[in-house]
Each structure stands twice: as C-alpha cells, then as structure tokens.
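# Breakdown of the fold
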Amino acid sequence: MKIGAVVLAAGSGRRFGGGKLSAELGGQPILSHVCATVARALGAGLLDSGWVVVAADDRAARLLVERAGLVPIANPSPEMGISHSIRLGLEAAEANQTLDALLLLLGDQPLVEVETMRRLIGSWREGGGLVVRPRYRDQPDTPGHPVLLDRRVWPLCRRAAGDRGLAGLLPAAAFIDVPGANPDIDTPVDLHLLEEHG
C-alpha cells in the first residue's frame, strides 16, 4: 500500500504580515522544516511521493521545495483559500494510480515529526479508518495534523470550498494519541514563542 504526501504552503500569511513560510526558525525557513521531514519520510520508505503546493509567484518557496527533493505544485489562485490547494494536491495524487492514501500536512507546522507520520500510516494499514489524524498530548482539543486520507475519501475532498478546508466533509476520523504538540505559526508572536521554548 503506497502513500503520498501533500504539504499545503500557498497561503499569503496575512496574520503574520506576509512572508510567513520564509521567516526563519532555528536559522531555516519555516517551510524548510516541513519539507525536510517529508524528505526524511521518503528516504525511510514511509512515503512514495511528496508534493508541496506553493503560490505560483513564490519562486523562493519553489526552489526550497525542489532542493528538498519534493515536487512543487503551482497554485495560481491562492486567494481562493486552502481548499483550492487541497484540490490541486489531490489532482497530483490522483494522477498517480499507485497511491492508496495521502498525508495532508500544513506548511506552517514546523514541528511535525516522521514518527507521527509513521504511526498514522501504521494505524491505517491495520484498518484504523479511512481518515486518521493525531491527537497531541499538549493540544488535546486541537484537531491534529498531518491527516491521513484513504483514497476512497478523496472524492469527498473535492467538495471543499474556501478556507474551511475539509471540515464537515469526511467520515469521523480515528485518532491516535501522540506526545508533544505541533502548533501552527500564524503570527510573529507564535514564532517568537516557538523560538523561546523550542
């Protein structure tokens, strides 16, 4: 059973003031942390394909993705919301007839870990559900990412619209409990807090 990964990284980062994914954490752009994690999962044989949806005019993000060994997908209309990026990622995954599931990651969550991805995939392989997502010990009330989507639910994902993403479209997720947290970086304060406590 083969799995791909799509990183959603085409947002403008308005709450951050723009340029969020190129802001540095630990000396590296935020997006590079997520790309490096996906690249490690590919190298470990957990994943078979890795794409990153970036704004069509974001040349820096495209180069960063290519340097990580992943495939950039240009989103010409990021103002249409995260759902448009999801659909673009799905189109790439659907074109690969060998994939059985997809991991959906957020480009502004630099603490995502390969081990979390491994556990999601393991749960799915063991029949854990068509949608599997993590529940982080330090963020138990926040829906966790990445989200694993069995190929059978991909048609439902096509109904996504605007910035709601997949909310309300999918069957109930199976949750696996994992340690730590995987916070979004939405504002400069979020980044500062992560640097302080990281």
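Details of the structure are given in the entry above.
In short, a report on the structure. Just so it is clear, the structure is predicted and the values come from calculations on it, not from any experiment. (Residues numbered from 1 in each chain as written. Predicted model: local features only at pLDDT ≥ 70, side-chain atom pairs only at ≥ 80, totals over all residues. Heavy atoms only, no water.)

Right, let's talk about the overall build of the protein chain for a bit. Regarding its fold elements, the protein chain presents six helices and nine strands. The C-alpha atoms of the protein chain give a radius of gyration of 15 Å, which matches the 16 Å a tight globule of 198 residues would have. The dimensions of the protein chain, computed from C-alpha atoms along their principal axes, are 40 × 35 × 35 Å. For the protein chain, the proportion of its 198 residues judged to be buried stands at 49%. Taking all contacts inside the protein chain whose residues are at least 6 apart in sequence as the whole, residues at least 24 apart take part in 69%. Across the protein chain, 20 positive and 23 negative side-chain charges occur, with their mean positions spaced 6 Å apart. (Helix = DSSP H or I, 4+ residues; strand = E, 2+ residues; numbered from the N terminus. Rg over C-alpha atoms; globule rule 2.2 N^0.38 Å. Buried < 20%, exposed > 50% of the residue type's maximum accessible area, 1.4 Å probe, protein only. Contact = heavy atoms within 4.5 Å. Lys, Arg positive; Asp, Glu negative; His and termini not counted. Charge placed at Lys NZ, Arg CZ, Asp CG, Glu CD.)

This brings us to the pairing of strand S6 (residues 99–106). Of all eight residues in S6, seven are buried, a share of seventy percent or more. Where S6 meets strand S8 (residues 147–150), four bridges bridge the pair, whose relative direction is antiparallel. Bridge pairing in S8 links leucine 104 to valine 147. (Pairing = 2+ DSSP bridges.)

Here we come to the pattern of salt bridges. Within the structure shown, the criterion is met by seven salt bridges. A salt bridge links aspartate 108 to lysine 20; the nearest nitrogen and oxygen atoms lie 2.8 Å apart. Of this pair, aspartate 108 sits in the loop between S6 and helix H4 (114–125) while lysine 20 sits in the loop between strand S1 (2–9) and strand S2 (24–25), and the two are 88 residues apart along the sequence. By relative accessible area, which is 10% here, aspartate 108 ends up buried. Ionic pairing is found between aspartate 177 and arginine 135, a salt bridge with its closest N-O pair at 2.8 Å. Note that aspartate 177 is positioned in strand S9 (residues 174–178) and arginine 135 in strand S7 (residues 131–136), a separation of 42 residues in sequence. Its relative accessible area of 48% is what places aspartate 177 among the partly exposed residues. The structure contains a network of salt bridges with shared partners spanning Lys20, Asp108 and Asp186. (Salt bridge = Lys/Arg side-chain N within 4 Å of Asp/Glu carboxyl O.)

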